[in-house]
Every structure is written in structure tokens, then in C-alpha cells.
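Results of the structural survey
Each chain, letter by letter, is given below.
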Amino acid sequence: MGVAVGGVILDESLLLASNSPQHENPSLQPVADSLLRKLRHSKIPTGISCDVGLSDDKVSLLKRLATLYSFDCFILNESSVDDAKNEIMLARGDTGGSILYVVSDKKKEFFPKLSNCGWLIVVLRSLGQESAAGVHFPLLCSYCIGCYF
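Attention here is on the structure that accompanies the text. Just so it is clear, the structure is predicted and the values come from calculations on it, not from any experiment. (Residues numbered from 1 in each chain as written. Predicted model: local features only at pLDDT ≥ 70, side-chain atom pairs only at ≥ 80, totals over all residues. Heavy atoms only, no water.)

As for the overall build of the protein
The secondary structure content of the protein amounts to 5 helices and 5 strands. Listed by position from the N terminus, the elements making up the protein come as β-α-α-β-α-β-α-β-α-β. Within the protein, the fraction of its 149 residues that count as buried is 42%. Long-range pairs, those at least 24 residues apart, make up 63% of the contacts in the protein between residues at least 6 apart in sequence. (Helix = DSSP H or I, 4+ residues; strand = E, 2+ residues; numbered from the N terminus. Buried < 20%, exposed > 50% of the residue type's maximum accessible area, 1.4 Å probe, protein only. Contact = heavy atoms within 4.5 Å.)

Put into C-alpha cells, the structure is as follows:
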């Protein structure tokens, strides 16, 4: 039986272009605007998560996007998973369903902490990376999904 999705959290690693030099203005992945528009029109409660180590320019860009698309913006890192989970649950209210957390495989070190959240986790392989055939995330819970494109 399937699990209903009650909200989507997009990690900043999916939205921000990784080739933006630290000293330049941050830019978005080419398909980010299209994805954000589709999610807004879907009426699925959506949020953007960002790490505390991001530059002020990147955080500002993500917050502007969240405001533009009527999304929430959350700080989420290894040390604040429980706090962020509570904040996310308060923000989305009692909509039912599970959180779908979409993250890049660039943040592999973060996955063990997320395995205790009960979220559905979609891990997208970074462009130019090898096939996921030999990649395993043994610490992820049974609710998690590993999707590689």
C-alpha cells in the first residue's frame, strides 16, 4: 500500500547551482524555477531547507524564492534535525501524510540523521556522478526511497 505525501521539503542542494563561485552571486539550477512553479500550483505544502553553513547571499536567495512561491524556509542540518522536524510539523499543520524530503547525494553524511524522521527520502544523483548501482545507504529506514536519475 502506498504512503500519502502531505508535504515536500526541497534541500537547497537541489536548487542552487553547484558551479557558482563562493564570491559571486548565487544562481539556481536551470530547472529550479519550473519545479518550484509546479509545486506551487500543485497545492502540496512545500518548504525549502537550507544548511546553517550557507553564505548569506545563498540564504537570502532561498528565502526570496520561498516568499515568491509561498513556501516555508527551514534551517536543517545534522545538529538541528529534531528542531527542524518540529518546526516543519508546526508549519504544515495537520495535513496528514508523510513528508517527502528531496536531497542531492552530495549530502550523504546527513542521511543517517534523517533516517529517524519517518520521512520519505528521495536522493537524486548529482550530474556527472557514477551510476548508483554500487551505492548503498544501509542506515536509511524502511520508509526511505533511493531514486537515482
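From this point, the narrative continues.
Here we look at the side chain of S49
Positionally, S49 belongs in strand 2 (residues 46-50). S49 sits in the buried class, given a relative accessible area of 1%. If sequence neighbours within four positions are ignored, S49 has contacts with I9, L10, D11, E12, F74, L76 and Y101.

Regarding unusual backbone geometry
In terms of backbone geometry, most residues other than glycine have negative phi values and most peptide bonds are trans. One non-glycine residue, K43, adopts positive backbone phi at about 70°. Following the sequence through the fold, K43 ends up in the loop between helix 2 (32-42) and strand 2. Its identity as a non-glycine residue notwithstanding, S70 has a phi of 60°, on the positive side. Given a relative accessible area of 63%, S70 falls into the exposed group.

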